[in-house]
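What the coordinates show
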Number of protein chains: 2
Amino acid sequence: MNGAESLVETLVDNGVDICFANPGTSEMHFLAALENPKMRSVLCLFEGVATGAADGWYRMKDKPASTLLHLGPGLANGLANIHNAKRASSGMVNIIGEHSTSHLKYDPPLTSDIEGLARPLSHWVRRADSSDTIAWDTAQAVAQASQHPGKIATLILPGDTSWREVAAKVELPTLEAAQPKAPDAGRIAHIACVLQSGEPALIILANKATRGLALERAGQIATATGARLGSQFFTARIERGAGRVPIERIPYAVGQATEFLKGFKHIITVETREPVAFFSYPDKPSLLKAEGTMVHTLVEADEDSALAFEILLDELGAAHTKPALQPRVEVAVPTGVLNPLSIAHALSASIPENCIVVDESLTTGRESMGHTMGALPHDLINNLGGSIGYATPVATGAALACPDRRVFCMVGDGSAMYTIQSLWTQAREGLNVTTIIFANNSYAILKAEYANMGAGVPGARALSMIDIDRPSIDWQAMAKSMGVPSVFVDTAEAFHKAMADSVRTPGPVLIQVRL
Amino acid sequence: MNGAESLVETLVDNGVDICFANPGTSEMHFLAALENPKMRSVLCLFEGVATGAADGWYRMKDKPASTLLHLGPGLANGLANIHNAKRASSGMVNIIGEHSTSHLKYDPPLTSDIEGLARPLSHWVRRADSSDTIAWDTAQAVAQASQHPGKIATLILPGDTSWREVAAKVELPTLEAAQPKAPDAGRIAHIACVLQSGEPALIILANKATRGLALERAGQIATATGARLGSQFFTARIERGAGRVPIERIPYAVGQATEFLKGFKHIITVETREPVAFFSYPDKPSLLKAEGTMVHTLVEADEDSALAFEILLDELGAAHTKPALQPRVEVAVPTGVLNPLSIAHALSASIPENCIVVDESLTTGRESMGHTMGALPHDLINNLGGSIGYATPVATGAALACPDRRVFCMVGDGSAMYTIQSLWTQAREGLNVTTIIFANNSYAILKAEYANMGAGVPGARALSMIDIDRPSIDWQAMAKSMGVPSVFVDTAEAFHKAMADSVRTPGPVLIQVRL
């Protein structure tokens, strides 16, 4: 057994059984080790697809995937989606190929400071110095990535570590399954007082608190106390739709967000912090709460929300309160022009129970998603890091994680272009992904932001940096180039039909929506 | 005038008059400042296109372009081609948008350690703290980037620095035009002795020494002394073809390279270092020279090759020696199957005088390019950093730098997929780029490297990480999606005709070559 084989064996023994790979010459022994039948390898034609797919895998599985990237530049290409994953608290084990140790001193062309590139966006970085100890390094990487919240672990794999035989295998520590910390009793007692005061309170839920038992209990607390439940504009994964505890979304725009928040005397945070503007603007605040609103932490990011809520419900004497659930809202199939409302209705009428919606439709989706609360129950995934190009890779990873669930990937044209290579992996793996391109031929969000920034009205040159209409992208040709069938729609009924059709047809499809 | 306007004005006043941009919300004032009519702005749909295009611009202009990238993740997306540019000694001024200073402490979603991400691949990094002093910072960035060899300068632009008015503009220093250092007389005298010994010597030329007066003088030295002229396998830009001083290329593969080098008693380096294997292999050397071969530095990377050669010619008494020039080799238009030789002949027969060839055809081009020495004079550009996805952006930048010259971009299918968004910018700007996709549906180089690495014969799973044939990419559809016309060829005569046609038709075209 060589170092690469030891690495792959340790990954699969510790539950990391998928590798999103874009290999190069220095990773040939790793490729050979991927023959391990317990490891699934998925080829991606750009590293940003690999890291984004690992993020999508984690969001649906709550366990890390691995990536294989080719030296410093390969890591660099994956960093933007590592940033997004880090902000979403997704765990991930990145394996970065590297020259053999003896070769590095000659500074060959692909040499760079891999640790330097990895550290700003990794929680843990290590260079595997020996084939004998790489199993230990790998086990540590998986343990780090598997914490709550998930962590970015980056393991650098020199060629000689990869190809040398394991002479004496190290005994691995028994790794405890990562458990969230118990919440603080004092904090919970304080929050009970706050909620019993009857003063208007917003409980902001994030990460693991927006689904499952934790979400149900949050609903009980809301019903028992009159507190409202909110989320940041972007959340890692929300279980929503009919029959779920509904969560109100804090708006994106600073003015709307401050308006939404101004009535609350208390903001109570769960696995998140108080709401902050996404960007800074010359004459707008960074913090979105009203003056005088108090912020209280109920659950820290590394603590157990479900347990905290259980204790809180006991303190409130509300353990048997029934949560208010979102009723199903049947909507008619919309017809005519596409606008945020008709798009929402088409979505609501077409998405099947238990589907996954990955949303990166910045301008279009912002106005639509609020109208889909009464759709059949589904999971909603957002981009927490703000680096565009996250949706198509995350949808790819989510579809691999949940092969029986249809994934709807709603994405603006500007964002889709960043990591469009995802389509190829979707075709290759036959993934059940419906990619919906909202083609407004523009970085439309920037047009609004230009004015928000106080930069005035964009002139011709500035506008030419915002509009992407010369040439307009032919998304059907794009899909065809990578083996994905496609549909063009420009009415609400055609949009609805295309989505409904996609549910019945296995494999990927792209819907180009002309706005 | 605000900080962004001061920045753009200082760029253009210092000769940096093009900006390859992919903006976001935090750069709206910079977009407004791009209304400056002296600045040309070019929109790129992915940051790797922007940084690669800046590299291509520098290679043809010998002066830096600027890029505009959106916070840490935007920089990250551009880093792989910054790595390639750095290795090619291309200068570049990267402007990285950032949150305003007061906003950073709230750690909003797009926050990251931009300095940390920039440093491993930048020579110079600075955060512009004030609109008053940003002109100074910008002038320093341009001065750094404009050194010989070119440098990567990265200037971080916080929102408030961008939008605040300039209260008191600083007086800028008069920047001396960057000049290469004078070479060392002692070293030159030593090299004269070496060359006069009559022992077999190889002079390895790089960077500025592979063109213009320096190359001509190198040819005189070779003719006068019997030394041979060589280049590394990859060089930033070579002036080659009929009428130019020919340079022999050290092969890529370790075995071929050591074979090529074994007869030389002396290796003399000019703006480069002794040849090193691109990758390390279990049983192959890192250094490629034979035992006993001596390595001598003639010109360091920051010195003046043309001047060094002039002094050396004087020492040798060879100032009036005529260099041997490459004769024109007329080749017949090839017919029939496409193979390295027929591809080379098709190239030789079709490329017009003064065109630019950007080569990233790893497996195909490696065998072909040696047969194009007798083509009409042209410039050849290679990837020195080894991070694939450099060719289509570099071709984009080179075409903008030289609007009157046709650019041939020869690229493998695997490499082309990395930064395929370049096609859109080529269509938008109407650039004279002929993109030639050698579609072997494979990371073919890796098949050879698998064996070279001693990893044996790839199994089915390893092969599935190397072949990119399921699905095979439809390059004509890809071109159409971004507004670029295309041709499909699978014979030598069709390939020749497509290239010759492209020379007569303004604007971009893509040729899909089925191998």
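Below you will find a few notes about this structure. Small disclaimer: the values here were computed from a predicted structure and weren't measured.

Conventions used here
Residues numbered from 1 in each chain as written. Chains lettered and ligands numbered in written order. Predicted model: local features only at pLDDT ≥ 70, side-chain atom pairs only at ≥ 80, totals over all residues. Heavy atoms only, no water. Helix = DSSP H or I, 4+ residues; strand = E, 2+ residues; numbered from the N terminus. Rg over C-alpha atoms; globule rule 2.2 N^0.38 Å. Contact = heavy atoms within 4.5 Å. Pairing = 2+ DSSP bridges. Axes fitted to C-alpha atoms, helices over the stretch in contact; angles between N-to-C directions. Least-squares fit on C-alpha atoms with pLDDT ≥ 70 in both. Buried area = accessible area lost by both parts, 1.4 Å probe. Salt bridge = Lys/Arg side-chain N within 4 Å of Asp/Glu carboxyl O. Polar contact = N/O pair within 3.5 Å; in protein donor to acceptor, adjacent residues only side chain to side chain. Left-handed = near helix turned anticlockwise from the far one by under 90°. Nonpolar A, V, L, I, M, F, W, Y, C, P; charged D, E, K, R; others polar. Buried < 20%, exposed > 50% of the residue type's maximum accessible area, 1.4 Å probe, protein only. Lys, Arg positive; Asp, Glu negative; His and termini not counted. Parallel < 35°, antiparallel > 145°, perpendicular 65-115°, else oblique. Disulfide = S-S within 2.5 Å. Phe/Tyr/Trp six-rings, centres within 6.5 Å; stacked < 30°, edge-to-face > 60°. Lys NZ or Arg CZ within 6 Å of the ring centre and 35° of its normal. Right-handed = clockwise from strand over helix to strand, strands pointing away. Expected span 1.5 Å × (residues − 1). Core = buried A, V, L, I, M, F, W, Y, C linked by side-chain atoms within 4.5 Å.

This paragraph deals with the overall build of chain A. Helices and strands together make up the secondary structure of chain A, namely 21 helices and 18 strands. On C-alpha atoms alone, chain A measures out to a radius of gyration of 24 Å, which is about the 24 Å that the 2.2 N^0.38 rule sets for 515 residues. Taken over the C-alpha atoms alone, chain A extends approximately 65 × 60 × 45 Å along its principal axes. Counting only contacts in chain A whose residues sit at least 6 apart along the sequence, the fraction spanning at least 24 positions is 80%.

Residue and element names in this part refer to chain A. Pairing is mixed across the open sheet formed by seven strands, whose spatial order is 9-14-13-15-16-18-17. Looking along the sheet, the strands with just one partner apiece sit at the ends: strand 9 (238–240) and strand 17 (486–489). Ignoring which end each strand starts from, the neighbouring axes of this sheet average 20 degrees apart. Examined bridge by bridge, strand 15 (residues 407–412) and strand 16 (residues 433–439) share six bridges and lie parallel to one another. If you follow G412 over to strand 16, its bridge partner there is F438.

What follows deals with the relation of the copies chain B and chain A. Mapping chain B onto chain A is achieved by rotating through 180 degrees and translating by 0.0 Å along the same axis, at an RMSD of 0.0 Å. The transformation relating the two chain copies, once decomposed into turn and shift, fits a two-fold axis. Here 100% of the contact residues of chain B are again contact residues in chain A; the copies associate through an equivalent surface.

Another aspect to go through is the interface of chain B and chain A. Every contact between the two is made by 97 residues of chain B and, on the other side, 97 residues of chain A. In terms of surface lost to chain A, no three residues of chain B exceed T25, R461 and M465 of chain B, which account for 9% of the buried area on that side. The interface formed by chain B and chain A includes six salt bridges. K480 of chain A is paired through a salt bridge with D474 of chain B; the nearest N and O atoms lie 3.0 Å apart. For the pair chain B and chain A, the number of links is 52 residue pairs in polar contact (both at pLDDT 80 or more).

Turning our eyes to something else, we now look at the packing of helix 1 (residues 3–13) of chain B against helix 7 (residues 134–145) of chain B. Residues and elements named next belong to chain B. Here helix 1 crosses helix 7 at 30 degrees, and the two axes come no closer than 9 Å. Relative to helix 7, the crossing made by helix 1 is right-handed. Taken together, the residues of helix 7 that come into contact with helix 1 (itself represented by G3, S6, L7, T10 and L11) are I134, A135, T138, A139 and V142. Split by residue class, the contact of helix 1 with helix 7 holds six nonpolar, four polar and no charged.

Here we take up the sheet that holds strand 11 (residues 266–270) of chain A. Residues and elements named next belong to chain A. Pairing within the open sheet is parallel, and its five strands lie in the order 10-8-7-11-12. Here the strands that pair on one side only, and so sit at the sheet edges, are strand 10 (248–249) and strand 12 (294–299). Note: strand 8 (residues 228–231) against strand 10, two bridges, orientation parallel. Bridge pairing links S231 to R249 in strand 10. Strands strand 7 (201–205), strand 11 and strand 12 of the sheet are contacted by helix 9 (residues 185–196), whose axis makes an angle of about 130 degrees with strand 12. Packed onto the sheet, helix 12 (residues 305–316) meets strand 7, strand 11 and strand 12 and runs at close to 110 degrees relative to strand 12.

Here we take up unusual backbone geometry. Outside of glycine, negative phi angles account for most residues, and trans bonds account for most peptide bonds. Looking along the chain, the bond that leaves R470 of chain A and enters P471 of chain A is cis, with omega of -5 degrees. The omega torsion across H148 of chain B and P149 of chain B is -5 degrees, close enough to zero to call that bond cis. The phi dihedral of E271 of chain B is positive, around 55 degrees, even though this residue is not glycine. With respect to the helices and strands, the residue E271 of chain B is situated in the loop between strand 11 (266–270) and strand 12 (294–299). A relative accessible area of 8% places E271 of chain B in the buried class. Its identity as a non-glycine residue notwithstanding, N354 of chain B has a phi of 75 degrees, on the positive side. Structurally, N354 of chain B can be placed in the loop between helix 13 (340–350) and strand 13 (355–360).

Residues and elements named next belong to chain A. Taken as a whole, this structure holds 52 salt bridges over all chains when the rule is applied. R237 is paired through a salt bridge with E239; the nearest N and O atoms lie 3.8 Å apart. Between K262 and E259 there is a salt bridge, and its shortest N-O distance comes to 3.0 Å. On the basis of relative accessibility, which here comes to 48%, the residue E259 falls in the partly exposed class.

Below, the discussion takes up the side chain of E27 of chain A. Residue and element names in this part refer to chain A. Of note, E27 is situated in the loop between strand 1 (18–21) and helix 2 (28–33). In this structure E27 is buried but unpaired, with R127 as the nearest side chain of opposite charge at 11 Å. Setting aside chain neighbours within four positions, we find E27 in contact with L68, L69, H70, L71, G97 and E98.

On to the packing of helix 13 of chain B against helix 21 (residues 492–504) of chain B. When two helices pack together, their arrangement is given by the angle between the helix axes and by the axis-to-axis distance. Residue and element names in this part refer to chain B. The N-to-C vectors of helix 13 and helix 21 enclose an angle of 25 degrees; their axes lie 9 Å apart at closest approach. One element, helix 13, and the other, helix 21, form an angle in the roughly parallel class. Considering how the two elements wind past one another, helix 13 and helix 21 form a crossing that is right-handed. Together, S342, I343, A346, L347, A349 and S350 of helix 13 and A492, F495, H496, M499, A500 and V503 of helix 21 make up the contact between the two elements. Residue classes in the contact of helix 13 with helix 21 are distributed as nine nonpolar, three polar and no charged.

This part covers the environment of S131 of chain B. Residue and element names in this part refer to chain B. Position of S131 relative to the elements: it lies in the loop between strand 5 (124–127) and helix 7. Here S131 falls in the buried class, since its relative accessible area comes to 6%. Here the alpha-carbon distance between S131 and E47, two residues 84 residues apart in the chain, equals 25 Å. Ignoring sequence-local partners within four residues, the contact set of S131 consists of G3, T161, R164, E165 and V166.

So, on to the state of the cysteines. This structure, assessed with the given rule, holds zero disulfides over all chains. Unpaired in terms of disulfides, C44 of chain A finds its nearest cysteine sulfur in C19 of chain A, a separation of 8.9 Å.

A separate point is the packing of aromatic side chains. Enumeration according to the criterion identifies 19 aromatic pairs over all chains in this entry. Following the ring pairs from residue to residue traces out a cluster consisting of F233, F234, Y252, F278 and F279 of chain A. Over the ring of F233 of chain B we find R249 of chain B, and its NZ or CZ is 3.7 Å from the ring centre. Sitting over the face of the ring of Y281 of chain B, K284 of chain B holds its NZ or CZ atom 5.1 Å from the ring centroid.

This part is about helix 13 (residues 340–350) of chain A. Looking only at helix 13 of chain A, the buried set comprises S342, I343, A344, A346, L347, S348 and S350 of chain A. Against helix 14 (362–368), strand 15, strand 16 and helix 21 (492–504) of chain A lie the buried residues of helix 13 of chain A.

Let's shift gears to the pairing of strand 3 (residues 65–70) of chain B. Two faces make up the sheet, and in a regular strand the side chains alternate between them. Residues and elements named next belong to chain B. In terms of burial, strand 3 is a largely internal element, six of the six residues being buried. What you see with strand 3 is no split at all: A65, T67 and L69 on one side and S66, L68 and H70 on the other are buried throughout. Sheet topology note: the strand 1 (residues 18–21)/strand 3 ladder contains three bridges and is parallel. In the sheet register, F20 faces strand 3, and the bridge partner there is T67. With six bridges joining them, strand 3 and strand 4 (residues 92–98) adopt parallel strand pairing. Across the sheet, the residue bridging to T67 is N94, located in strand 4. With helix 4 (residues 71–87) bridging strand 3 and the parallel strand 4, this β-α-β connection has right-handed handedness.

Our focus in this paragraph is helix 7 of chain B. Residues and elements named next belong to chain B. The end-to-end C-alpha distance of helix 7 is 16 Å, a good match for the 16 Å that 12 residues give at a rise of 1.5 Å each. Along helix 7, nine of the 12 residues are buried, which leaves the element largely enclosed by surrounding structure. Those residues of helix 7 lying buried are I134, A135, D137, T138, A139, Q140, A141, V142 and A145.

In this structure, F20 and W475 of chain A together with F20 and W475 of chain B are the most contacted members of the largest nonpolar core, which totals 240 residues. Other than its neighbours up to four places away in sequence, F20 of chain B contacts V42, C44, A50, A53, A54, W57, A65, S66, T67, L68, G397 and L400 of chain B.

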